[in-house]
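# Descriptive analysis of the structure
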Amino acid sequence: MGDEPAMNGDLNANVKTRCSATGDPVLDQRTDQWLSWDKNPKTRGQAEVLLEEGRSEELRRRFSARMTFGTAGLRAPMGAGFSFINDLTVIQTTQGLYVYLSRCFSNLGTRGVVVGFDTRGQEASGCTSERLARLTAAVLLSKDVPVLLFSTYVPTPFVAYSVKKFGAAAGVMITASHNPKEDNGYKVYWCTGAQISSPHDKEVLRCIEESEEPWSDACWDAGLADRSPLRTDPLVEVTCSYMEELKDLCFHRELNLCSPLRFVHSAFHGVGHRYVQQAFSVFGFPPPISVPEQRDPDPNFSSLRCPNPEEGHSVLELSLRLAESVSARVVLATDPDADRLAVAELLPGSDWKVFTGNELAALLGWWMFFNWRERNPPPADPSSLYMLATCVSSRILRTMAQQEGFRFEETLPGFKWIGKRVVELSSAGHQVLFAFEESIGFLCGAMAPDKDGVSAAVVMAEMSSYLQAQQLSLTQQLASIYQRYGLHVSRTSYLLCDHAPTVLRIFSRIRSYEDGSYPRSCAGHRVVCVRDVTVGYDSSQPDHRCILPVTKSSQMISFTLANSILATLRTSGTEPKIKYYSEFCAEPGEREVSRLEAELEEVTRVLVAELLEPEKNYLIGRLA
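Here the structure is a predicted model, which means the values were calculated and not measured. (Residues numbered from 1 in each chain as written. Predicted model: local features only at pLDDT ≥ 70, side-chain atom pairs only at ≥ 80, totals over all residues. Heavy atoms only, no water.)

What follows deals with the overall build of the protein. Helix and strand counts for the protein come out as 22 helices and 25 strands. Scaling as 2.2 N^0.38, a compact globule of 624 residues should have a C-alpha radius of gyration of about 25 Å, and the protein matches this with 25 Å. Once the C-alpha set of the protein is aligned to its principal axes, its extents read approximately 75 × 60 × 50 Å. Among the 624 residues that make up the protein, the fraction classed as buried is 62%. Long-range contacts, defined as pairs at least 24 residues apart, comprise 70% of the intrachain contacts of the protein with a sequence gap of at least 6. As displayed, the protein has an accessible area near 24,200 Å², and 50% of this comes from carbon and sulfur atoms. Separation between the mean location of the 63 positive side-chain charges and that of the 76 negative ones in the protein comes to 2 Å. (Helix = DSSP H or I, 4+ residues; strand = E, 2+ residues; numbered from the N terminus. Rg over C-alpha atoms; globule rule 2.2 N^0.38 Å. Buried < 20%, exposed > 50% of the residue type's maximum accessible area, 1.4 Å probe, protein only. Contact = heavy atoms within 4.5 Å. Areas by Shrake-Rupley, 256 points an atom, 1.4 Å probe, with all protein chains shown as cover. Lys, Arg positive; Asp, Glu negative; His and termini not counted. Charge placed at Lys NZ, Arg CZ, Asp CG, Glu CD.)

Let's shift gears to the packing of aromatic side chains. A ring pair, where both rings are aromatic, is described by two values, the distance of the centres and the angle of the planes. If you walk through the whole model with that rule in mind, you get 24 aromatic pairs. With centroids separated by 5.5 Å and ring planes inclined at 50°, the aromatic side chains of Phe-280 and Phe-285 adopt a geometry described as tilted. Here the two residues Phe-280 and Phe-285 agree in accessibility, since each one is buried. Judged by centre distance (5.8 Å) and plane angle (50°), the ring pair of Trp-366 and Trp-367 falls under tilted. Just as Trp-366 is buried, Trp-367 falls in that class too. Each residue in the set Phe-251, Trp-366, Trp-367, Phe-370 and Tyr-466 is aromatic and connected to the rest through ring pairs, giving one cluster. (Phe/Tyr/Trp six-rings, centres within 6.5 Å; stacked < 30°, edge-to-face > 60°.)

Within strand E6 (residues 170–174), five of the five residues are buried, which leaves it mostly tucked inside the rest of the structure. Side chains Ala-170, Val-172 and Ile-174 of E6 all project onto a buried face; the interleaved residues Gly-171 and Met-173 project onto the opposite face, where all are buried too. Summarising the sheet, strand E2 (residues 113–117) and E6 pair through five bridges and their orientation is parallel. Along E6, the bridge assignment pairs Val-115 with Val-172. For E6 and strand E7 (residues 183–190), the ladder comprises five bridges, and the chain directions are antiparallel. Residue pairing in the sheet places Ala-170 in a bridge with Trp-190 of E7. (Pairing = 2+ DSSP bridges.)

Keep in mind these numbers describe shape, not what the thing actually does.
As structure tokens, then:
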């Protein structure tokens, strides 16, 4: 790459005439800047081709706007452009992060920053997660900031854990989690170990815009971390420490040692295999049986149509087939960065039940409180214990809290909000036993304030083992939970929409649906409450002001109906999706369950058909 400055000069000499073809002076300026700054020949070549072919709309999509922090940091396709993930945008983002951190931490030069990465990569753009992590480290090292850069791929929760363990100023994880293979991301953790949220995310973006041009050639030196004395590799120490602390979540090791259960685990072509194996050993289990086709990292996710275990049977097929062949009753699947967990159980008659995130939360929430109570029998007071969930997740933990005496709170969607609240509660002397989001993200205990698929997998294995000793299955225990607390049935799905104006039009129409305001009924049931966090409106509050933080950058409207069904429409913070959620919560002993389920199905159908209008708006349904 030593001849690149000359290449850059030649390119810049020819760029002006090509750029002028767009007819947009602002776009011309941005593409000019890109070609003068980008030193990655593959992404620079992509930009040149778009210019030469006169593809103005694609150029505008890539170069006119910058990525913003969503519910999981920055996330976008890999490729050329300021709105894509690539070498240049990662360097720019890290420069902005450094500027903000240096303002917030006078001791940044001693606290340092943790940097981790997953196994993603794309040949067309020359971007791999490891390379982007090394460029992140290079920017910080060029400013004499110590960097704890992992030498190999790690689960996302390891970065959050490391920030907390070492007292680092921040952490960066290069990952797009369960997104399609074309995507990558840049997730930032604050000194607390929680993902950054407002106002930090907005301030970092402001600093990025002030520091767009790469500062020096050192920022492009992916090998700098190998030579700098300021770089350390925390892999061994963090893995050992994490596994040691994991023992705090193990309640029945003696039982685990002799458990007859066999487990199958899929790493979904990601980072999870070696870490889940180690976690099982800590709990006294033999290693789970790995799905061989999905055990090792593969950035193309070759055996999967979608690397998201939340999709259910269709992406768990290899896991279920293997489990049947080895007589394993429980399947565990971690997503590619191992921060989420899917679970399936073999039922009598050879059918498989794939649990929803809400069902798994009911099981895990019960399990965590059950074991706390075993160690703290009455009159021990659980009122300082907390469980948390996002506001689009099941209300089962709320119901448990009301009966058992612990406390429950809900947050905005996204684990960054849960993590922030975990930190606040812990700082105030409270204990957070469990937290979750319905999209199979779970936090058992408080090793770090972020979701963790590794710990959730082994906790779920121990619960299965314990129930097996009681001659119970997970499915039977779930039924027992619903018998005690009342049946909680939810429906969750999504529609794809990659056109922002359409999304805005849909939600604007909902806000003026009837006589200039929100819908008054749904499927014949009166709407008794509307909560719109996008504009900060909540009709249940005396002043009609929303208790949850206002989120103007995303859309979310919830309706509570007279039959107690809660329904929500919202845009995803990580993918081009409009998600919809609905749930009813029956009283314990409720016998008309089939009627309630039918009402839920009809409310969900009408909610989607009449408010989202999929055919009219060209929305694409979820694949079966």
